[in-house]
Amino acid sequence: MMRIESAHIDAEHAFARGGHSELDAIRAIAHARDNLPALSVLAVVDAALARGERRSIAEWTALAREAVRCGRSDPATAQSFAAACAVRMAD
């Protein structure tokens with residue numbers, strides 16, 4: 001199982017070179033753990049990127065990291081994180 005911290009360190013190096021590598025690292029962790037809250041945040045982020053949103057990637061990755069670390073993976077928690085992501089994007 002991949003550790004969040006090691007993926008984050010690896011992603012920081014890739015992220016410094018540009019792109020959304022940290023989001024990709026978080027996505028890999030979320031898929032490996034079937035982490036519904038993180039996957040819900042990433043779905044909202046993916047939809048925003050597809051629409052052309054270019055807000056702060058750091059804000060999105062912070063919420064995705066929080067979702068991975070929350071320790072829960074139930075649908076209600078996933079909905080809460082998706083709603084929080086949508087609210088932050090609306091600001």
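What counts and what doesn't
- Residues numbered from 1 in each chain as written.
- Predicted model: local features only at pLDDT ≥ 70, side-chain atom pairs only at ≥ 80, totals over all residues.
- Heavy atoms only, no water.
- Helix = DSSP H or I, 4+ residues; strand = E, 2+ residues; numbered from the N terminus.
- Salt bridge = Lys/Arg side-chain N within 4 Å of Asp/Glu carboxyl O.
- Buried < 20%, exposed > 50% of the residue type's maximum accessible area, 1.4 Å probe, protein only.
- Axes fitted to C-alpha atoms, helices over the stretch in contact; angles between N-to-C directions.
- Parallel < 35°, antiparallel > 145°, perpendicular 65-115°, else oblique.
- Left-handed = near helix turned anticlockwise from the far one by under 90°.
- Contact = heavy atoms within 4.5 Å.
- Nonpolar A, V, L, I, M, F, W, Y, C, P; charged D, E, K, R; others polar.
- pLDDT = per-residue confidence, 0-100.
- Polar contact = N/O pair within 3.5 Å; in protein donor to acceptor, adjacent residues only side chain to side chain.

1. Describing the environment of Q79
As for its placement among the helices and strands, Q79 is situated in helix α5 (residues 75-90). Along the backbone, Q79 and S40 are 39 residues apart, and their C-alpha atoms lie at a distance of 7.2 Å.

2. Comments concerning the pattern of salt bridges
A complete count under the given rule lists four salt bridges for this structure. D46 is the partner of R27 in a salt bridge, and the nearest nitrogen-oxygen pair spans 3.0 Å. In this pair, R27 sits in helix α2 (residues 21-33) while D46 sits in helix α3 (residues 36-50), placing the two residues 19 residues apart along the sequence. Taking the relative accessible area as the measure of exposure, R27 reaches 21% and is therefore partly exposed. The class for D46 is partly exposed, based on a relative accessible area of 34%. Each of D24, R27 and D46 takes part in salt bridges that share partners, so that together they form one network.

3. So, the packing of α2 against α3
Look at α2 against α3: their axes get within 9 Å of each other, and the N-to-C directions meet at 140 degrees. The angle between α2 and α3 places the two elements in the oblique class. Handedness of the crossing formed by α2 with α3: left-handed. Residues L23, I26, R27, A30 and H31 of α2 pack against A38, L39, L42, V45 and D46 of α3. Classifying every residue of the contact of α2 with α3 gives seven nonpolar, one polar and two charged.

4. Re the confidence of the model for the protein
Overall, the prediction assigns the protein a mean pLDDT of 78, with 75% of residues at 70 or greater. The least confident element of the protein, judged by mean pLDDT, is helix α1 (residues 4-16) at 46; the most confident is α3 at 89. Of the regions scoring below 50 in pLDDT, residues 6-19 engages in 13 contacts with residues more than four places distant in sequence or in other chains.

5. Describing unusual backbone geometry
Here D34, not a glycine, exhibits a phi torsion of approximately 50 degrees, which is positive. One can find D34 in the loop between α2 and α3.

6. Remarks on the side chain of S40
Structurally, the position occupied by S40 is in helix α3. The class for S40 is buried, based on a relative accessible area of 15%. Looking at S40, its side chain comes within polar contact range of the main-chain oxygen of P37, at 2.7 Å. Those residues in contact with S40 that lie beyond four places of it in its chain are A78, F81 and A82.

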